[in-house]
Structure formats: C-alpha cells, structure tokens
Amino acid sequence: MNQSHKKDLVAEAALGYIENGCILGIGSGSTVNCFINLLDKVKPKIEACVSSSELSTQLLKEKNIRIITLAESGKIPLYIDGADEANNHKQLIKGGGGALTREKIIAQASDKFVCIIDDTKYVKQLGKFPLPIEVIKIAQSQIAINMMGLDGRPVLRENFITDNGHIILDIHNLNILEPIKLEQEINNMPGVISNGLFAMRKADILLVADENNIKVY
C-alpha cells in the first residue's frame with residue numbers, strides 16, 4: 001500500500017468524528033488536503049470551518065464551505081490536522097508546510113484535536129524530522145546560536161515566508177527527550193513566534209493508517 005492510499009484511508013476515518021452542526025477547525029498539509037477532498041460526504045453536517053492556512057482556506061472555498069474566523073467561532077468543538085511526526089504520547093512535530101503558528105492557535109482553541117497520519121510518521125522519539133521555528137527576521141542569528149547551543153543545526157528555509165510574514169528556521173539533529181520542556185524553552189527565546197512542537201497541546205486522538213487498517217491512540 002503506498003503512502004498516498006494510507007493518507008486517503010486515515011482522512012476517511014476522520015470523517016466519522018464530524019457531528020451535525022459542527023464548527024470544524026482545519027489544519028494544513030497533504031493529509032489534510034485529502035481530508036478536505038472528502039468533505040463533500042459530510043458537508044451537510046458542517047456549519048462552518050476555521051482554517052489554519054491560506055491554502056486550506058482556498059480548498060475549502062472551492063468546496064463552498066463557509067469560512068469563519070476564530071473570533072467568530074469561539075471555542076472550536078473539533079480540530080482535524082496532520083503531523084510530520086507523532087509519538088506514542090500523541091505529542092507532535094508540525095510545521096513542514098509552514099502553518100505551525102496558526103495551527104497551534106486553533107489547536108489550543110479546540111475541545112478535541114484529532115491528528116491524522118500514516119505510519120511512516122509514527123515514531124518512538126521526536127526529532128528525526130527537523131523542528132520548524134517561526135521567527136522574526138531580526139532574531140534569526142540569535143535564535144540560530146541558541147539552537148546550536150542545544151546541539152541543533154539550524155537551516156533557514158529558503159525562499160519561504162509564512163502566512164504571517166515571517167521566516168522559518170528548520171532545526172536538524174535535535175535529541176528531543178523532553179518535548180514539553182524544549183517547547184517551553186524555545187518559546188521563551190525573544191523573537192520566536194512559535195515552534196513546531198505540539199507537546200503542551202498534544203493531540204487528543206491520533207489516527208494512524210498502516211498497511212492493513214487504522215489504529216486509534
């Protein structure tokens with residue numbers, strides 16, 4: 001079974017969490033794109049969506065699904081998003097697509113966060129995937145130095161600006177033994193907008209597609 005088919009399977013499984021009159025938070029990324037493509041099946045149940053990225057918003061509008069802001073929605077009953085890595089504690093690394101800050105804001109405002117991945121992204125320890133950090137440009141060099149002090153190797157994401165107008169440093173070679181502690185430490189660095197560790201606000205439900213079925217954690 002190829003990875004694309006696994007993404008379709010886990011996206012299909014996530015549809016079952018949508019209830020009538022749902023205000024739905026939507027993340028971003030390739031697996032979420034598969035999920036959005038399937039929303040026609042449950043469209044009558046969806047009252048509106050709060051979107052985490054310009055691309056997701058565009059795809060939802062193509063489905064004629066109403067988009068509202070977080071200010072309009074208040075607390076969001078359900079948030080569906082993917083991840084670049086997930087561990088058995090349902091802690092995540094996100095931000096490969098660059099929407100980590102808005103994703104984290106919407107996840108924090110959600111009652112239930114369902115994360116959808118294929119089994120290639122399910123890991124024992126976070127950190128093989130480079131950790132994205134969205135930073136204010138003037139702070140780039142200092143944050144890079146700070147991350148080298150944590151034995152990380154910072155790489156500027158070339159020719160990329162986030163939807164918020166900032167740059168991203170991708171931090172390679174991190175040994176993430178304490179995800180919550182590291183998330184807090186990076187957040188406290190001046191100039192950091194957000195980092196891609198979702199450990200303090202982890203997923204509530206993790207759906208993982210493997211060769212045979214969907215595993216629920």
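## What to know about the packing of helix 2 (residues 30–37) against helix 3 (residues 54–62)
- Direction vectors running N to C along helix 2 and helix 3 enclose 15 degrees, while the axes themselves pass 10 Å from each other. As judged from the angle between their axes, helix 2 and helix 3 are roughly parallel. Considering the relative orientation of helix 2 and helix 3, their crossing is right-handed. Here V32, N33 and I36 of helix 2 lie close against helix 3, whose contacting residues are L55, S56, L59 and L60.
- Its residues assigned to classes, the contact of helix 2 with helix 3 shows five nonpolar, two polar and no charged.

## Re the pairing of strand 1 (residues 22–26)
- The buried fraction of strand 1 is high, at five of five residues.
- Residues C22, L24 and I26 point to one face of strand 1 and I23 and G25 to the other, with burial holding for every one of them.
- Inspection of the sheet shows strand 1 paired to strand 2 (residues 46–51) by five bridges, in the parallel sense. For L24, the partnering residue across the bridge sits in strand 2 and is C49.
- A crossover connection joins strand 1 to the parallel strand 2 through helix 2; in handedness this β-α-β unit is right-handed.
- Of the pairings in the sheet, the one linking strand 1 to strand 3 (residues 76–81) comprises three bridges and is parallel in character. Residue pairing in the sheet places I26 in a bridge with I80 of strand 3.

## Some remarks on the layout of surface pockets
- Roughly 360 Å³ of volume is contained in the largest pocket.
- As for the largest pocket, its lining consists of 26 residues, of which S28, G29, G97, G98 and E103 are closest to the centre.
- The set of elements that each furnish at least two residues to the lining of the largest pocket consists of helix 2 and helix 3.
- The element that contributes the greatest number of residues to the lining of the largest pocket is helix 2, accounting for four residues.

## A short note on the packing of aromatic side chains
- If you walk through the whole model with that rule in mind, you get two aromatic pairs.
- A ring pair is formed by Y79 and F113, whose centres lie 5.0 Å apart and whose planes are at 45 degrees; its orientation type is tilted. Residue Y79 is found in strand 3, and its partner F113 is found in strand 6 (residues 110–118); the two are separated by 34 residues along the sequence.
- The exposure class assigned to Y79 is buried, which follows from its relative accessible area of 0%.
- Summarising the aromatic geometry, the rings of Y122 and Y217 are spaced 4.9 Å apart at their centres and angled 20 degrees between planes, so their arrangement reads as stacked.

## Quick word on empty space enclosed by the protein
- Using the criterion set out here, one finds one cavity of 30 Å³ or more in the structure.
- Together, S52, G98, A99, L100, T101, R102, E134, T162, D163 and N164 line the largest cavity.
- Tallied by class, the residues present in the lining of the largest cavity amount to two nonpolar, five polar and three charged.

## Things to note about the environment of D40
- Topologically, D40 is positioned in the loop between helix 2 and strand 2.
- Given a relative accessible area of 46%, D40 falls into the partly exposed group.
- Among the polar contacts made by the side chain of D40, one reaches the side chain of K63 at a distance of 3.0 Å.

Calculation rules
Residues numbered from 1 in each chain as written. Predicted model: local features only at pLDDT ≥ 70, side-chain atom pairs only at ≥ 80, totals over all residues. Heavy atoms only, no water. Axes fitted to C-alpha atoms, helices over the stretch in contact; angles between N-to-C directions. Helix = DSSP H or I, 4+ residues; strand = E, 2+ residues; numbered from the N terminus. Parallel < 35°, antiparallel > 145°, perpendicular 65-115°, else oblique. Left-handed = near helix turned anticlockwise from the far one by under 90°. Contact = heavy atoms within 4.5 Å. Nonpolar A, V, L, I, M, F, W, Y, C, P; charged D, E, K, R; others polar. Buried < 20%, exposed > 50% of the residue type's maximum accessible area, 1.4 Å probe, protein only. Pairing = 2+ DSSP bridges. Right-handed = clockwise from strand over helix to strand, strands pointing away. 1 Å grid on protein atoms, 1.4 Å probe; cavity = no way out; pocket = protein on both sides within 12 Å on 5 of 7 lines; lining within 4 Å. Points joined across faces, edges and corners; volume = space filled by probe spheres on them. Phe/Tyr/Trp six-rings, centres within 6.5 Å; stacked < 30°, edge-to-face > 60°. Polar contact = N/O pair within 3.5 Å; in protein donor to acceptor, adjacent residues only side chain to side chain.

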